[in-house]
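Results of the structural survey
Here's the letter readout for the chains.
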Amino acid sequence: MLSDSEAAELLSFLSPGTRPDVKGRATECILGLSGHRDGCRFLRSKPDLIVALFALTSDPSIAIVKDCYFILINLSADETLHKVLVTDVNVLPVLFKNLLDPEHPFSDQISSILSNLTRHEKTCKTVFKVLQEEEVSLAQLVDIFCTEGYNKKAKLHYLGPLLSNLTQLPEARNFVMDKERCVVQRLLPFTQHQSVTRRGGVIGTLRNCCFDHAHHEWLLSDAVDILPFLLLPLAGPEELTEEENEGLPVDLQYLPDDKKREDDPDIRKMLLETLLLLTATKAGRQTLKDKNVYPIMREFHRWEKDVHAAAACEKLVQVLIGDEPEQGMENLLEVEIPEDVELKLKEADAKEQEELEKEQEKMRQEEEEEKKKKSDAEQTDGEQERGLIQ
C-alpha cells in the first residue's frame, strides 16, 4: 500500500494542469488500487484523492475520464465508501446532471455507480432525497429508462437495478404505484427484455412493489394485468390439457413448442417470490387460482434444476393447492407472529437454506464428475484414434 508521502505525490499528479501522460499513469495506478478491498479501504482514508479523481471526470482526455469512472464504480461497490462518495465528495448532483444529458458518453458507468450506491437502505435514502432536490426526478429516471435510444452512446441497462433499489423505500413505491402515472404499465414489457440486467431490475422493482398488499387487487385487475408478465417467463413448451389452457390468461394459452423459460435462476426466483406475495390476500389467492396458475407451476417444478428457485416454487404451490387460512388470518402479510414462533420459523429457514446449499453443492460436484468422465473418455478415444493412424 502507498505511504502518506507517496499518496501526497500521487495527489499532485491529479491536478487538471498536469501533463496528460502523467495524469494517465496516476489514474491507472489508482484504478489498480481500487480493484481490491484493501485498496478501496486505503482510498477511503484519502478523500482528497477521490475528490481529485471525481474532478477529472470532466478531463479532456477520454482515457483518463474512463479510468476515473471505473475507479468510482469499484469504490461505490464497497458500502464503507458510500458516505465518503455521497457526503465528502458530493458526487450525486454531477452524476444526475450528466445522466440527463443524452449525449454523455459515460452514462452507463454513472448508472452502475448509482445502482451500487442504492443497494443499502441508508445511502438509498440519501440518493432519493438528492434525486428529489435536483433537476432530475424519479419520473425522469423512468422516462429515460423506458425511452429506447435516449442516449445513443449508452444502453442504460443499470437504471433497472437502480429503480429496483429505490423501491426499497415506501416513497419510491408510492410513486411507481400511483394509478395516475401508469409507471407499472410502462415497466411490464421489460420483464422480457433481452438484457438480463434490465429485466432483472424491473422484476425486482415489481417484487418490491408487491410488498404493499393494498395494491394487489389493482395490479391483478385489467387496469394493469400483471399476472401474464410474471407467468410467461416461467412457462415452457409443455402441452397442457384443453381445460387447463382455457383457464389460463390468453397470453399463456397454447404456447409454441419452442417456448423457452427465463434463463437466469435468480430472476426465476424473483418472479416466483412476486407471485407468492400476490397470494398474501384472499382476493389475490383466488385470482391466481381462477387464472389456472397451478398447471404452469406444476410443469415448471418438473423442469427447474436450481434448488432455490425450486424451493420458491414449492412454497407457491403449497399456497395454491392448500386450504384457505382460518378467519382473521386471511391476509398473510398482516398476521402477527408470536416471538417464539418467529424464532422457530427463522431457525427452520436457516436449516432449509443450509440444506439447499448442500444440495446445490452436491449437484455441482456431480456435474463436475460427469464433465471429467466425458473429458477422460474423449481423451481415451483420441489416443486410440492416434494409435490407429500410426
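Residues numbered from 1 in each chain as written. Predicted model: local features only at pLDDT ≥ 70, side-chain atom pairs only at ≥ 80, totals over all residues. Heavy atoms only, no water.

1. What about the overall build of the protein?
The helix and strand tally for the protein stands at 22 helices and zero strands. The proportion of buried residues among the 390 residues of the protein is 44%. Sequence separation of at least 24 residues holds for 71% of the intrachain contacts in the protein that already meet a minimum separation of 6. Accessible area of the protein: about 21,300 Å², with a carbon and sulfur share of 50%. (Helix = DSSP H or I, 4+ residues; strand = E, 2+ residues; numbered from the N terminus. Buried < 20%, exposed > 50% of the residue type's maximum accessible area, 1.4 Å probe, protein only. Contact = heavy atoms within 4.5 Å. Areas by Shrake-Rupley, 256 points an atom, 1.4 Å probe, with all protein chains shown as cover.)

2. Structural notes on the packing of aromatic side chains
In the structure shown here, the tally under the stated rule is three aromatic pairs. Pairing Tyr69 with Phe106 gives two aromatic rings, centres 5.3 Å apart and planes at 25°, and the pair type is stacked. Taken together, the residues Tyr69 in helix H5 (residues 62–76) and Phe106 in the loop between helix H7 (92–100) and helix H8 (107–117) connect sequence positions 37 residues apart. In terms of burial, Tyr69 and Phe106 fall into one category: buried. Consider the rings of Phe145 and Phe190, whose centres lie 5.0 Å apart with planes at 55°: the pair is tilted. Placement of the pair is Phe145 in helix H10 (residues 138–146) and Phe190 in the loop between helix H13 (183–187) and helix H14 (196–209), with a sequence separation of 45 residues. Note on Phe145: relative accessible area 1%, which makes it buried. Note that Arg198 overlies the ring of Phe145, its terminal NZ or CZ placed 4.3 Å from the centroid. (Phe/Tyr/Trp six-rings, centres within 6.5 Å; stacked < 30°, edge-to-face > 60°. Lys NZ or Arg CZ within 6 Å of the ring centre and 35° of its normal.)

3. Notes on the pattern of salt bridges
A complete count under the given rule lists 19 salt bridges for this structure. Of the charged contacts, one joins Asp21 and Arg25 as a salt bridge, the two residues approaching to 3.9 Å between their closest N and O atoms. Within this pair, Asp21 and its partner Arg25 are both found in helix H2 (residues 20–33), separated by four residues, close to a single helical turn. Residue Arg25 is classed as exposed on the basis of its relative accessible area, which comes to 52%. (Salt bridge = Lys/Arg side-chain N within 4 Å of Asp/Glu carboxyl O.)

4. Some thoughts on the layout of surface pockets
Here the second largest pocket defines a volume of roughly 240 Å³. Lining of the second largest pocket is provided by 17 residues; of these, Thr147, Glu148, Gly149, Lys155 and Arg198 occupy positions nearest its centre. Top element by residues in the lining of the second largest pocket is H10. It accounts for three residues. Each residue belonging to the lining of the second largest pocket can be placed in one class, and the counts come to seven nonpolar, six polar and four charged. (1 Å grid on protein atoms, 1.4 Å probe; cavity = no way out; pocket = protein on both sides within 12 Å on 5 of 7 lines; lining within 4 Å. Points joined across faces, edges and corners; volume = space filled by probe spheres on them. Nonpolar A, V, L, I, M, F, W, Y, C, P; charged D, E, K, R; others polar.)

5. So, H10
Here H10 has its buried residues at Leu138, Leu141, Val142, Ile144, Phe145 and Cys146. Buried residues along H10 sit against H7, helix H9 (121–133), helix H11 (159–166), helix H12 (170–176), H13 and H14.

6. Topic: unusual backbone geometry
Trans is the common state for peptide bonds, and a negative phi is the common state for residues other than glycine. A positive phi angle, close to 55°, is found at Asn90, a residue other than glycine. Overall, Asn90 belongs to the partly exposed group, its relative accessible area being 43%. We note that Leu156 has phi near 60°; this positive angle belongs to a residue other than glycine. Inspection of the secondary structure puts Leu156 in the loop between H10 and H11.

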